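Structural overview for review
The chain contents come next:
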Amino acid sequence: PVLEAQLALHRRYWSRDVDAILGVQTNIASCIRNLGRFDEALVLEREIFSRRVAMNGVSHQNTIGCGCNFAGTLLGLGLYDEATSLHRDQLLPAARRALGVDHEYTLNLHHNLANALRDDPRCIRDNLRLKWRGVEATVFYPNTGDDLLEAETIM
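At a closest axis distance of 10 Å, the pairing of helix 5 (residues 80-98) and helix 6 (residues 104-119) adopts a crossing angle of 160°. In this view, helix 5 runs roughly antiparallel relative to helix 6, as classed from their interaxial angle. Between helix 5 and helix 6 lies a crossing whose hand is left-handed. From helix 5, Tyr 80, Thr 84, His 87, Leu 91, Leu 92, Ala 95 and Arg 96 reach across to helix 6, where they touch Thr 106, Leu 109, His 110, Asn 112, Leu 113, Ala 116, Leu 117 and Asp 119.

Pairing between side chains of opposite charge can happen when their charged atoms approach one another. For the coordinates displayed, the defined rule picks out eight salt bridges. The residue Asp 19 makes a salt bridge to Arg 52 at a minimum N-O spacing of 2.3 Å. With Asp 19 in helix 2 (residues 18-34) and Arg 52 in helix 3 (residues 38-56), this pair connects stretches of sequence that are 33 residues apart. By relative accessible area, which is 35% here, Asp 19 ends up partly exposed. Of the residues examined, Arg 52 reaches a relative accessible area of 4% and is grouped as buried. Across the pair Asp 81 and Arg 122 runs a salt bridge, and its minimum N-O distance is 2.8 Å. In this pair, Asp 81 sits in helix 5 while Arg 122 sits in the loop between helix 6 and helix 7 (125-140), placing the two residues 41 residues apart along the sequence.

Cut-offs applied
- Residues numbered from 1 in each chain as written.
- Predicted model: local features only at pLDDT ≥ 70, side-chain atom pairs only at ≥ 80, totals over all residues.
- Heavy atoms only, no water.
- Axes fitted to C-alpha atoms, helices over the stretch in contact; angles between N-to-C directions.
- Helix = DSSP H or I, 4+ residues; strand = E, 2+ residues; numbered from the N terminus.
- Parallel < 35°, antiparallel > 145°, perpendicular 65-115°, else oblique.
- Left-handed = near helix turned anticlockwise from the far one by under 90°.
- Contact = heavy atoms within 4.5 Å.
- Salt bridge = Lys/Arg side-chain N within 4 Å of Asp/Glu carboxyl O.
- Buried < 20%, exposed > 50% of the residue type's maximum accessible area, 1.4 Å probe, protein only.

Have a look at this one:
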């Protein structure tokens, strides 16, 4: 109720401050997700993410953060393919380009992608190794493929 009241106030008095409204909506979606109501959170987070992309572009830090929340909700619902492609195709390349490889968001995205690949119940070890090779080649080592053997020995 408190966050919903805050959202109502922002819409009434600061209706032109779309960034602040999206911030409050993000807080509401996080609370809903933390309550385990992933279906409701997904609807709100999908809307927030698409509005952030339209407003700021995919490479903006706030957009990347909202995308990370959105992907986490997808994982909570067991939508592994959609979460993996969101990480691999949109969020990670944008984060590496805009924020750098050592930024907290970029590192969290790598972690979340690894968890998505690991937690997918359809993945067996060989499939996971192949998926990881694809991720590693496109994300971690864009110029070389020499370190693939090291990742393979870890698994």
